[in-house]
Amino acid sequence: VERTAFLFPGNNSSYEDALAALKVHPVAGGFLDAALALHRSSVGEFNTPQGKEVYDSLLIHALSCAICDIYKAKGIRPAVVSGYSLGMYPSLYCAGVCSYEDSLKMLMDTLLCTRDFFATQKEEFGMGAIIGLSEDELVCQVFPSLSGRLEIASYNGARSFVVVGPRKPVRTCLQKSESLGAFRAVPLCTPHGYHSRMLGKAAQTLPLAWRNLQFKEPECTILSPADDRPVHREKIADAMVTNLASPLRWATLVNSLPEQYQVAHAYETGPGDTLTRMSRHITKRLKMIPFSVSTGGQ
């Protein structure tokens, strides 16, 4: 039996078109209002890179949850859900393990935890995307010259990676990758470094912040992008800690959908088509469907 997945994009997705189209939608309006209220009460204006990232992430989360409900109203329900990076938070809402308000709280706690950790560092951190080099080329030819200061933050394909580390070594890594033949090596628009082992200790404080949240049994399978394993109710907080402080194995997860879970169609349940474009270089067995703002999803 062919099954459907909902895959939620992360915080670097473009969302302006979806925001303009959905802000007056009867479903989306409430989601957006709650996200903006939380931003105002916890952060304030977004006149700094850190504030802008929190603002963007909350709006993308709101839009993703709204799009999830729009699909469900059309009778489209997932057997499997997952999310790329911060896309894991709307996947929890989609799977019914927590309310929208609790998913927003978890996301905000994660954003502030990350912001506060990097505020203590002497250097600015960043991330970069590299397409066209193998893992061996990165690890053996690029990383050694940077004194072990970089990590692979996401495995997006056999020759597609995201790296994380101090901003200057990241820039050097991107330049060297281009010189070795990478056909794309670009910085990502984030003032922080997600999916780094450096965040391990800080991330361990998050379950304490979530101790009063009541998680329900998932209504569908939730897959962790960090290890491609199902996330059970009693391990939700631990899985989100791992998601923040470990590299993502996104290519492995996407390959597993048709191979292990009989998923034939996956809906990119959020603004943009980043995951759709990425999947084309991972497997031909999965049909990805991005959300269309002009048709409301179909």
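Just so it is clear, the model here is predicted, and its values are computed rather than measured. (Residues numbered from 1 in each chain as written. Predicted model: local features only at pLDDT ≥ 70, side-chain atom pairs only at ≥ 80, totals over all residues. Heavy atoms only, no water.)

*Asks:* For this particular structure, what's the right way to read the sheet that holds strand β9 (residues 287-290)?
*Replies:* Strands in a sheet are paired, the pairing made by backbone hydrogen bonds, and the direction either parallel or antiparallel. What the 5 strands build is an open sheet, ordered β7-β2-β1-β8-β9; its pairing is parallel. Each edge of the open sheet carries a strand with a single partner, namely β7 (221-222) and β9. Where strand β1 (residues 3-8) meets strand β2 (residues 80-83), 4 bridges bridge the pair, whose relative direction is parallel. Across the sheet, A5 pairs through a bridge with V80, a residue of β2. Lying on the sheet, helix α3 (residues 49-73) is in contact with β1, β8 (263-268) and β9; it crosses β1 at an angle near 160°. (Pairing = 2+ DSSP bridges. Helix = DSSP H or I, 4+ residues; strand = E, 2+ residues; numbered from the N terminus. Contact = heavy atoms within 4.5 Å. Axes fitted to C-alpha atoms, helices over the stretch in contact; angles between N-to-C directions.)

*Asks:* Looking at this structure, how should I read α3?
*Replies:* Since the α-helix packs 3.6 residues into each turn, any two residues three or four apart lie on the same face. Its 25 residues give α3 an end-to-end C-alpha distance of 36 Å, which sits within 8% of 36 Å, the value for a rise of 1.5 Å per residue. Of all 25 residues in α3, 20 are buried, a share of seventy percent or more. Following α3 by one or two positions, G75 adopts a phi angle in the positive range, close to 90°. (Expected span 1.5 Å × (residues − 1). Buried < 20%, exposed > 50% of the residue type's maximum accessible area, 1.4 Å probe, protein only.)

*Asks:* Please clarify how the packing of α3 against helix α5 (residues 100-119) should be interpreted in this entry.
*Replies:* Any two packed helices are characterised by how steeply their axes cross, that is the angle between the axes, and by the distance between the axes. Across the interface, α3 lies against α5 with an axial gap of 11 Å and an inter-helix angle of 155°. One way to sum up the angle between α3 and α5 is to call them roughly antiparallel. The way α3 lies across α5 gives a crossing that is right-handed. Residues Q50, V54, S57, L58, H61, A62 and C65 of α3 form the contact with α5, whose own contacting residues are Y100, S103, L104, L107, M108, L111 and R115. For the contact of α3 with α5, the per-class residue count stands at 9 nonpolar, 4 polar and 1 charged. (Parallel < 35°, antiparallel > 145°, perpendicular 65-115°, else oblique. Left-handed = near helix turned anticlockwise from the far one by under 90°. Nonpolar A, V, L, I, M, F, W, Y, C, P; charged D, E, K, R; others polar.)

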